[in-house]
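Given next are the chains, with one letter for each unit.
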Amino acid sequence: GLCATFAASLLVLFVSPRAASSGIPDMKAYLNGNYIPDFLSFRTWLARTVGLILTTSAGLFSGSEGPLIAHLGAIVASGVARGRFEFRGKRRRLPWKMA
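First things first, this report covers the structure right here in the doc. (Residues numbered from 1 in each chain as written. Predicted model: local features only at pLDDT ≥ 70, side-chain atom pairs only at ≥ 80, totals over all residues. Heavy atoms only, no water.)

### Overview of helix H1 (residues 2-15)
Next up, step 1: Relative to the 20 Å expected for 14 residues at 1.5 Å per residue, H1 spans 19 Å between its end C-alpha atoms, a close match to the ideal helical length.
Next up, step 2: For H1, the full list of buried residues reads Ala 4, Ala 8 and Leu 11. All buried residues of H1 lie within an arc of 55° about the axis, which places them on one face of the element. Away from its buried face by more than 90 degrees, H1 exposes Leu 2, Cys 3, Phe 6, Leu 13 and Phe 14.
Next up, step 3: Check the buried side of H1 and you find it contacts helix H3 (42-57). (Helix = DSSP H or I, 4+ residues; strand = E, 2+ residues; numbered from the N terminus. Expected span 1.5 Å × (residues − 1). Buried < 20%, exposed > 50% of the residue type's maximum accessible area, 1.4 Å probe, protein only. Arc of directions from axis to C-beta. Contact = heavy atoms within 4.5 Å.)

The structure is reproduced here in structure tokens:
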């Protein structure tokens, strides 16, 4: 359990510091028109997903699984709606693009 917790904390520290909180206050600010860098990025999605899996598999109580899942859903919905994403420094396009 200690190794999984340590790995999850390293993900938040070094991969995406934006993944540190529940995401709900940031999501409210973003929806009200404030620009938050890397809020809906792939790195944030990766750090949140792997961190949540590691934390719950270690048997720890996160307490905020609901807001974490809501933020993950917002990241996926944003990527699908834009029709593009960035992976390893290259921009990729999905076969569709919504206006």
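### Observations regarding the packing of aromatic side chains
Next up, step 1: Tallying each qualifying case throughout the model produces two aromatic pairs.
Next up, step 2: Between Tyr 30 and Phe 39 the ring centres are 5.6 Å apart and the planes differ by 35°, which places this aromatic pair in the tilted class. (Phe/Tyr/Trp six-rings, centres within 6.5 Å; stacked < 30°, edge-to-face > 60°.)

### Description of the environment of Pro 37
Next up, step 1: Along the polypeptide, Pro 37 turns up in the loop between helix H2 (24-31) and H3.
Next up, step 2: Considered as a pair, Pro 37 and Arg 18 are 19 residues apart in the sequence and their alpha carbons are 8.6 Å apart.

### Quick notes on the pattern of salt bridges
Next up, step 1: All told, the structure shown has one salt bridge when counted by the stated rule.
Next up, step 2: Salt-bridge contacts for Arg 18 lead to Asp 26; the nearest nitrogen and oxygen are separated by 3.9 Å.
Next up, step 3: For Arg 18, a relative accessible area of 30% corresponds to the partly exposed category.
Next up, step 4: Asp 26 gets classed as buried once you look at its relative accessible area, which sits at 18%. (Salt bridge = Lys/Arg side-chain N within 4 Å of Asp/Glu carboxyl O.)

### Comments concerning unusual backbone geometry
Next up, step 1: Phi is positive for Asp 38, which is not a glycine, with a value near 60°.
Next up, step 2: Of note, Asp 38 is situated in the loop between H2 and H3.

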